Amino acid sequence: MPVITNIDDLKVLYRRRTPKMFYDYCESGSWTEQTFRENSSDFDDIYLRQRVAVDMSNRSTSTQMIGQDVAMPVALAPVGLTGMQHADGEIKAARAAEAFGVPFTLSTMSINSIEDVAAATSKPFWFQLYTMKDQGFVSSLIQRAKDANCSALVITLDLQVLGQRHKDIKNGLSAPPKPTLANMIDLATKWRWGMGMMKATRRNFGNIVGHVEGVSDAADLGAWTAEQFDPTLDWDRVAKIKEEWGGKVILKGIIDPEDAKMALEVGADAIVVSNHGGRQLDGALSSIRALPGIMDAVGDATEVHLDSGIRSGQDVLKAVAMGAKGTYIGRAFVYGLGAMGQEGVTRALEVIHNEMDVSMALCGHRRIEEVNRDILLVPQGFEGNWQ
């Protein structure tokens, strides 16, 4: 068993054990990758205030996200192709999240289907929805999520058109991988991954293949998907989807205060400050830098969560101190999954929890729900002084 002390330790193993195209799919952003980089590096500009001679015993990181009890203010973000990072990846990540006591969010573009994950877990999970042109298919996804007893619908708003990710194009990203010479050479060195995939429940997009007329293989799926993301998505349609769902709705992809105000108008139960992990509009603000403006815009009118850039428990603590009621990890748990399967996801959660808990104590707090901006040293102009 390798000694894992931080998320980067998992990343090293992940890179070694996972095919290049899926590592690159995870570890990349759009265009120049400026926003992808700054999502993480901007956390380094925020400092923590150490306090001493305070009672640090009996600490608790437990809280709630949209009324659901959680062991810490962290959820597993929706990540497409998770079942290509490790065999039955969505199932294993969901089981790890359930055992740890944090929410798991299943992506529309998952390998394991809604039904697969529901059958393999005992508690409700969240389902992330992409709005597509085929409204009948969208309605069927919503109904399937209801049937699976999903406890929240996470509607992603920032993928109406697809940001270009150079590495995916160059690698010919597909699920399963195409049998090109470059892929076969790479896969020959990833025997652990290959052996697992031979036993996997699925190797294509389980929420789509078999559920859309005329889509039965990877070639059909590629053509269908390329045409399906809906550039006409507007707030009226978001409101209609919320009504159709009838339960808790989280709106993901909010990075501008004006959009946050619109999310309030449609009655979002929570909004997620997110730039899609730097995979859409390159040159956009990092999520942590955008968070204060969003908090000013919505106050306590709805829960504000933060996604994109979190790689440590200290990042979680900083986001919570700046007002976020919850955070999401994507790449951090994928590193663990690709490195060590379900055990790796658990280890990623343990690392983040330990870092957050110890840092919270050293900042003079015993309960995560009591943490506020007083523990931070934020540089002047961090939020931007834009013309």
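Higher on the page you've got the structure.
Counting starts from 1 at the beginning of each chain's written sequence and moves along it residue by residue. The model is predicted, so local features are restricted to residues of pLDDT at least 70 and side-chain atom pairs to those at 80 or more, both for listing and for counting; the totals for chains, interfaces and linings are taken over all residues. Note that the side-chain values use all heavy atoms of the structure and ignore hydrogens as well as water.

**Structural notes on the overall build of the protein**
No. 1: Looking only at helices and strands, the protein has 16 helices and twelve strands in total.
No. 2: Here the globule rule reads 2.2 Å times residues to the power 0.38, and the radius of gyration is calculated from C-alpha atoms. Taking 21 Å as the expected radius of gyration for a compact globule of 387 residues, we find that the protein reaches 20 Å, a close match to that expectation.
No. 3: Whether a residue is buried, partly exposed or exposed follows from its accessible area with a 1.4 Å probe, protein chains only, as a fraction of its type maximum: under 20%, in between, or over 50%, in that order. A total of 387 residues make up the protein; the buried ones form 55% of that total.
No. 4: The contact criterion used is simple: two residues touch if any of their non-hydrogen atoms lie within 4.5 Å. In the protein, of all internal contacts separated by at least 6 residues, the share reaching a separation of at least 24 is 74%.
No. 5: Note that accessible areas follow from Shrake-Rupley with a 1.4 Å probe, and for residues the cover is restricted to the protein chains shown. Accessible surface for the protein amounts to roughly 16,600 Å². Of this, 50% is attributable to carbon and sulfur atoms.
No. 6: The charge count treats Lys and Arg as positive and Asp and Glu as negative. His and the chain ends do not count. Charge placement uses NZ in Lys and CZ in Arg. For Asp and Glu, CG and CD serve respectively. Between the averaged position of the 40 positive side-chain charges in the protein and that of its 49 negative side-chain charges there is a distance of 6 Å. Per the convention used, a helix needs a DSSP run of H or I reaching at least four residues, while a strand needs a run of E reaching at least two, with both numbered from the N terminus.

**Here's the deal with the environment of Met262**
No. 1: Looking at the secondary structure, you find Met262 in helix 13 (residues 257-265).
No. 2: Distance from Met262 to Val298, taken between C-alpha atoms, is 9.9 Å for residues 36 residues apart in sequence.

**Brief notes about helix 12 (residues 235-245)**
The periodicity of an α-helix, 3.6 residues per turn, causes residues three or four positions apart to be oriented the same way.
No. 1: Residues of helix 12 that are buried include every one of Arg237, Val238, Ile241 and Trp245, and no others. On an axial view of helix 12, the arc spanned by its buried residues comes to 105 degrees, and they lie on one face. Exposed residues lying more than 90 degrees from the buried face of helix 12 are Asp236, Lys240 and Glu243.
No. 2: Those residues of helix 12 hidden inside the fold are in contact with strand 6 (126-130), helix 7 (135-147), strand 7 (152-156) and strand 8 (249-254).
No. 3: Looking one or two residues beyond helix 12, the residue adopting positive phi is Gly246, at roughly 80 degrees. Note that the arc is defined by the directions from the helix axis to the C-beta atoms.

**Quick notes on the packing of aromatic side chains**
No. 1: The rule is short: rings of Phe, Tyr and Trp, with Trp giving its six-membered ring, pair when the centres are within 6.5 Å, and they are stacked under 30 degrees, edge-to-face over 60, tilted in between. This structure, assessed with the given rule, holds five aromatic pairs.
No. 2: Between Tyr14 and Tyr335 the ring centres are 5.7 Å apart and the planes differ by 35 degrees, which places this aromatic pair in the tilted class. Here Tyr14, found in helix 1 (residues 7-17), pairs with Tyr335, found in helix 16 (residues 331-362); they are 321 residues apart in sequence, far enough to count as distant.
No. 3: Overall, Tyr14 belongs to the buried group, its relative accessible area being 0%.
No. 4: The criterion for a charge sitting over a ring is simple: Lys NZ or Arg CZ within 6 Å of the ring centre, and within 35 degrees of the ring normal. When the ring centre of Tyr25 is taken as origin, the NZ or CZ atom of Arg279, which lies over that ring, is 4.5 Å away.
No. 5: When the ring centre of Phe382 is taken as origin, the NZ or CZ atom of Arg289, which lies over that ring, is 4.5 Å away.

**What to know about the sheet that holds strand 8**
No. 1: Within the open sheet, the eight strands sit side by side as 4-11-10-9-8-7-6-5. Their pairing is parallel. The open sheet is flanked by strand 4 (74-76) and strand 5 (105-106), the only strands paired with a single partner.
No. 2: Note: two strands are recorded as paired if DSSP finds a minimum of 2 bridges between them. Inspection of the sheet shows strand 10 (residues 303-307) paired to strand 11 (residues 326-329) by three bridges, in the parallel sense. Bridging from a neighbouring strand, Leu306 pairs with Thr327 of strand 11.
No. 3: Between the N-to-C directions of two axes lies an angle of 0 to 180 degrees, each axis being a line fitted to C-alpha atoms and, for a helix, fitted only over the stretch in contact. Packed onto the sheet, helix 13 meets strand 8 and strand 9 (270-273) and runs at close to 165 degrees relative to strand 8.
No. 4: Helix-sheet contacts for helix 16 involve strand 4 and strand 11, and the interaxial angle to strand 11 is about 155 degrees.

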